[in-house]
Amino acid sequence: MGRKSEISAGLLVYRNRDNFEVLLAHPGGPYWARKDAGAWTIPKGLVEPGDELLATAQREFTEETGFVARGPFHPLAPVRQKSGKVVHAFAMQGDFDPDQLVSNTFELMWPPKSGRLKSFPEVDRLGWFGRAQALEKLLVYQRPFLRELEAMLRREGLTR
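A few points on the structure. Everything numeric in this text was worked out from a predicted model, so none of it was measured. (Residues numbered from 1 in each chain as written. Predicted model: local features only at pLDDT ≥ 70, side-chain atom pairs only at ≥ 80, totals over all residues. Heavy atoms only, no water.)

**Section: the side chain of arginine 15**
Piece 1. Following the sequence through the fold, arginine 15 ends up in strand 1 (residues 7-16).
Piece 2. Exposure remark for arginine 15: the relative accessible area of 15% places this residue in the buried category.
Piece 3. At a separation of 2.9 Å, a polar atom in the side chain of arginine 15 contacts the side chain of aspartate 95.
Piece 4. Here arginine 15 is in contact with Phe20, Glu21, Gly94, Asp95 and Trp128, once residues within four sequence places are set aside. (Helix = DSSP H or I, 4+ residues; strand = E, 2+ residues; numbered from the N terminus. Buried < 20%, exposed > 50% of the residue type's maximum accessible area, 1.4 Å probe, protein only. Polar contact = N/O pair within 3.5 Å; in protein donor to acceptor, adjacent residues only side chain to side chain. Contact = heavy atoms within 4.5 Å.)

**So, unusual backbone geometry**
The phi torsion of most residues other than glycine is negative, and most of the peptide bonds are trans.
Piece 1. In the segment running from glycine 71 into proline 72, the intervening peptide bond is cis, with an omega of 10 degrees.
Piece 2. Relative to the helices and strands, proline 72 is located in the loop between helix 1 (53-65) and strand 4 (74-80).
Piece 3. With an omega dihedral of -10 degrees, the bond running from tryptophan 110 to proline 111 counts as a cis peptide bond.
Piece 4. Secondary-structure assignment places proline 111 in the loop between strand 6 (105-109) and strand 7 (117-121).
Piece 5. The residue lysine 113 is not glycine, and still its phi comes out positive at about 65 degrees.
Piece 6. Take lysine 113: it is sitting in the loop between strand 6 and strand 7.

**Here we look at the nonpolar core**
Piece 1. Judged by nonpolar contacts, the single largest core of 23 residues is most densely connected at Leu12, Val22, Leu24, Phe145 and Leu149.
Piece 2. The element contributing the most residues to this core is helix 3 (residues 143-155), with 5 residues.
Piece 3. Excluding residues within four positions of it along the chain, leucine 12 makes contact with Val22, Leu24, Ile42, Leu76, Phe90, Ala91, Met92, Phe145, Leu146 and Leu149.
Piece 4. With 17 residues, the next largest nonpolar core counts Ala9, Ala25, Ala57 and Phe73 among its residues. (Core = buried A, V, L, I, M, F, W, Y, C linked by side-chain atoms within 4.5 Å.)

**Details of the pattern of salt bridges**
Piece 1. Considering all chains together, one arrives at 10 salt bridges under this definition.
Piece 2. Here aspartate 51 ties to arginine 59 by a salt bridge, and the two come within 3.4 Å at their closest N and O atoms.
Piece 3. By relative accessible area, arginine 59 is classed as partly exposed at 29%.
Piece 4. One network of salt bridges, in which partners are shared, links Asp51, Arg59, Glu60 and Glu63. (Salt bridge = Lys/Arg side-chain N within 4 Å of Asp/Glu carboxyl O.)

**Thoughts on the pairing of strand 1**
Piece 1. Within strand 1, 8 of the 10 residues are buried, which leaves it mostly tucked inside the rest of the structure.
Piece 2. Pairing analysis gives 8 bridges linking strand 1 to strand 5 (residues 86-93), with the strands arranged parallel. Counted as the bridge partner of isoleucine 7 is valine 86 from strand 5.
Piece 3. For strand 1 and strand 3 (residues 44-46), the ladder comprises 3 bridges, and the chain directions are antiparallel. In the sheet register, glycine 10 faces strand 3, and the bridge partner there is lysine 44.
Piece 4. Relative to strand 2 (residues 20-27), strand 1 runs antiparallel, the two sharing 4 bridges. In the strand pairing of strand 2, arginine 15 is matched with glutamate 21. (Pairing = 2+ DSSP bridges.)

If you want it as structure tokens, here you go:
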């Protein structure tokens, strides 16, 4: 299956205490190790044929964070990566402790051409970020999710 036909789904978790914040994940592995601005993401993963978008988003959230997400869930408009992959997101209110992160892992030959496989966490950090910092940290193509969530919360009178 080519990238243009791939679909991913994930969760954009927010909390609305004194200030509106969203929970973002920093990808693990050597490629992302020294990247920060524009590198963070919502926890997400590939939708397998026959799987529901929301079920995939919940499964991937648990696999990548160790947390169980409970709704209600609010679908956000999907976005498209430069590669053509379509990413769906669901917003939900929650409050998870980033220090309790437990991520699944992946294996990668590291260093390259060494013949040795090394295990890396899919997510190496989680963090809560206010709007301005989240827009700076979030992958560019995912920023519309944040803007849509903020507009939704403003309509509902939950944020300024």
